[in-house]
Amino acid sequence: TMTGSIPEGIRGGPEPHLELIRNETEARGPILSISGRIDLEAYGRLSDEWQTFRAAIAADPPERISIDLGAAASVDSAGALLLIRIENDLRDCGVSTEFDPVPEDVRGMLALTRRHAGVEPAAAGRTSGPNWLTRIGDASLRAKQEFVTLMTFFGDMIVALMQALRHPRSVRWNDVLVYIQRAGVEGLPIVGLISFLLGLIIAFMSSLQLKPLGAGTYVASLVGISVVKELGPIMTAIVVAGRSGSAFAAEIGTMKVNEEVDALVIMGFDPMHFIALPKILAAVLVLPILTLYADLFAILGGLFVGVVGLDLTAYTYIRQTLQGLHMSDIATSLVKSGVFAVLIAGISCQRGFQVTGAAEAVGRQTTSAVVSALFLVIVADSLFAIVLHYI
């Protein structure tokens, strides 16, 4: 048996005490008994004491250790963090660990600390991982839960949009204007530059193939159709997802970490209507305009190549572009942009509301928001291509 104790008692409660009882005849293996008050005042002393025990355990680790908290007088959040740390340290050493026995109030404190600190129970050591069929099943269940959560959020979003249409004065239009400036006006330089270069590249690469065949004038139609129908909406959506979608998720996630969303709920405000709706409306209003802006700059990039590299006049290039385009192409581009805006803003806000724990979760959900938004945009664009082809 290895024992250790704190030389100075803690005022107002039993003296904290660590004791490792090696009793290999027990079915559950050695027992780590922690008694007394496990709180912030005792944290440093118990932490130092635990390092000694950890070194001894790492030298000769058993198969499993039970952590006995039956004699714990009280546990606060700092003490719960220490217990979680001890649990994870043991499992890092390859020791299977469980709390047994544990008082009900201590169990609740452990669960609460894990949830708010973003700490999940560590995986048990010396155990073989689940087989491939189990992993597929777990992944399927997670995908199902994610789909249900996402559809629930989009259902609430549609209800909020319908309420906004019936009662426009309930919308916080000042906030909508602020997000229009952030997502639209401040994004004009980067969207214009990327679109201009994109049109220039498409025109240059296509001219290398068409000019030797004497079909250089068709570069204008190629650039116009490809940009207006496909590349303009999707490139603008990618830029907006990277700039504004990540900002939406990070903003709402930070509010969740600071418990501002909970405060709004307590005050009687609907987070969907109060926080998410202005962002979604701003994205829906801004993205189609940004798409037209991007189409224009992409055509200008192609015009530059046509005038400099193909010896076309500006009038010839513009006339050829207009002959290749139809109003239905522009209308399709705007419809795509509106759908992309709903997907980007919706998934970004949904990921922001999913933030739990510390600031690290904000970055994780922000990354997830951007990746998910890009994936949904590509899927929606593919569906548009199939549906419009048959229509």
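An account of the accompanying structure is given in this report. If you're wondering where the values come from, they're calculated on a predicted model, not measured in any experiment.

### Remarks on the overall build of the protein chain
1) Next: In terms of helices and strands, the protein chain carries 12 helices and six strands.
2) Next: Over its C-alpha trace the protein chain gives a radius of gyration of 30 Å, far above what one expects of a compact globule, namely 21 Å for 391 residues.
3) Next: Expressed along its principal axes, the backbone C-alpha trace of the protein chain runs to roughly 95 × 55 × 35 Å.
4) Next: Counting the 391 residues in the protein chain, one finds 43% classified as buried.
5) Next: Carbon and sulfur atoms form 64% of the exposed surface of the protein chain, whose accessible area is close to 20,300 Å².

### Considerations on the packing of aromatic side chains
1) Next: If you walk through the whole model with that rule in mind, you get five aromatic pairs.
2) Next: Pairing phenylalanine 153 with phenylalanine 154 gives two aromatic rings, centres 6.2 Å apart and planes at 90°, and the pair type is edge-to-face.
3) Next: Take phenylalanine 153: its relative accessible area is 9%, and that puts it in the buried class.
4) Next: Judged by relative accessible area, phenylalanine 154 falls into the buried class, the value being 12%.
5) Next: When the ring of tyrosine 179 is compared with that of phenylalanine 248, the centres are 5.7 Å apart and the planes differ by 85°; the resulting orientation is edge-to-face. You can see tyrosine 179 sitting in helix H5 (residues 173-183) and its partner phenylalanine 248 sitting in helix H7 (residues 218-257), a full 69 residues away along the chain. Residue tyrosine 179 shares its accessibility class with phenylalanine 248, and that shared class is buried.
6) Next: The ring of phenylalanine 274 has arginine 172 sitting right over it, with the charged end atom 3.9 Å from the ring centre.

### With respect to the side chain of serine 221
1) Next: Secondary-structure assignment places serine 221 in helix H7.
2) Next: Residues in contact with serine 221, not counting those within four places in the same chain, are Gln320 and Gly324.

### Some remarks on helix H4 (residues 132-166)
1) Next: Over its 35 residues, H4 extends 51 Å from the first C-alpha to the last, a length consistent with the 51 Å expected when each residue adds 1.5 Å.
2) Next: For H4, the set of buried residues is Leu150, Phe153, Phe154, Met157, Ala160 and Ala164.
3) Next: The elements touched by buried residues of H4 are helix H9 (271-309) and helix H11 (327-353).

### Some points on the layout of surface pockets
1) Next: There is about 290 Å³ of room inside the largest pocket.
2) Next: What lines the largest pocket is a set of 15 residues, among which Ile299, Thr321, Leu322, Leu325 and Ile330 lie closest to the centre.
3) Next: Elements represented by at least two residues in the lining of the largest pocket include exactly H9, helix H10 (314-324) and H11.
4) Next: Top contributing element to the lining of the largest pocket by residue count: H9, with six residues.

### Some points on the packing of helix H1 (residues 40-59) against helix H2 (residues 77-92)
1) Next: At their nearest, the axes of H1 and H2 sit 10 Å apart, and the two run at 10° to each other. On the basis of their axis angle, the class for H1 and H2 is roughly parallel. Packed against H1, whose contacting residues are Leu40, Tyr43, Leu46, Ser47, Trp50, Gln51, Arg54 and Ile57, the element H2 presents Ala78, Leu82, Arg85, Ile86, Asp89 and Leu90 at the interface.
2) Next: Of the residues contributing to the contact of H1 with H2, the split by class is nine nonpolar, two polar and three charged.

### What about the nonpolar core?
1) Next: Among the nonpolar cores identified, the biggest contains 40 residues, and Ile275 and Phe353 are the most heavily contacted of them.
2) Next: Those elements giving two or more residues to this core turn out to be H4, H5, H7, helix H8 (260-266), H9, H11 and helix H12 (360-390).
3) Next: It is H9 that contributes the most residues to this core, 11 residues altogether.
4) Next: Other than its neighbours up to four places away in sequence, isoleucine 275 contacts Ile252, Met255, Val261, Leu264, Asp270 and Phe353.

### Comments concerning the environment of threonine 152
1) Next: Along the chain, threonine 152 turns up in helix H4.
2) Next: Taking the C-alpha atoms as reference points, threonine 152 and glutamine 350, separated by 198 residues in sequence, lie 9.9 Å from one another.
3) Next: In terms of polar contacts, threonine 152 uses its side chain to reach the backbone carbonyl oxygen of valine 148, at 2.7 Å.

### Digging into the side chain of serine 246
1) Next: Structurally, serine 246 is set in helix H7.
2) Next: Residue serine 246 is classed as buried on the basis of its relative accessible area of 17%.
3) Next: Within the local environment of serine 246, its side chain forms a polar contact with the backbone oxygen of glycine 242, the two atoms lying 2.6 Å apart.
4) Next: Every residue in contact with serine 246, bar those within four places of it in the chain, is listed here: Ala241, Thr366 and Val370.

Parameters and conventions
- Residues numbered from 1 in each chain as written.
- Predicted model: local features only at pLDDT ≥ 70, side-chain atom pairs only at ≥ 80, totals over all residues.
- Heavy atoms only, no water.
- Helix = DSSP H or I, 4+ residues; strand = E, 2+ residues; numbered from the N terminus.
- Rg over C-alpha atoms; globule rule 2.2 N^0.38 Å.
- Buried < 20%, exposed > 50% of the residue type's maximum accessible area, 1.4 Å probe, protein only.
- Areas by Shrake-Rupley, 256 points an atom, 1.4 Å probe, with all protein chains shown as cover.
- Phe/Tyr/Trp six-rings, centres within 6.5 Å; stacked < 30°, edge-to-face > 60°.
- Lys NZ or Arg CZ within 6 Å of the ring centre and 35° of its normal.
- Contact = heavy atoms within 4.5 Å.
- Expected span 1.5 Å × (residues − 1).
- 1 Å grid on protein atoms, 1.4 Å probe; cavity = no way out; pocket = protein on both sides within 12 Å on 5 of 7 lines; lining within 4 Å.
- Points joined across faces, edges and corners; volume = space filled by probe spheres on them.
- Axes fitted to C-alpha atoms, helices over the stretch in contact; angles between N-to-C directions.
- Parallel < 35°, antiparallel > 145°, perpendicular 65-115°, else oblique.
- Nonpolar A, V, L, I, M, F, W, Y, C, P; charged D, E, K, R; others polar.
- Core = buried A, V, L, I, M, F, W, Y, C linked by side-chain atoms within 4.5 Å.
- Polar contact = N/O pair within 3.5 Å; in protein donor to acceptor, adjacent residues only side chain to side chain.

In short, the description is geometric, and any link to function would need to be established separately.
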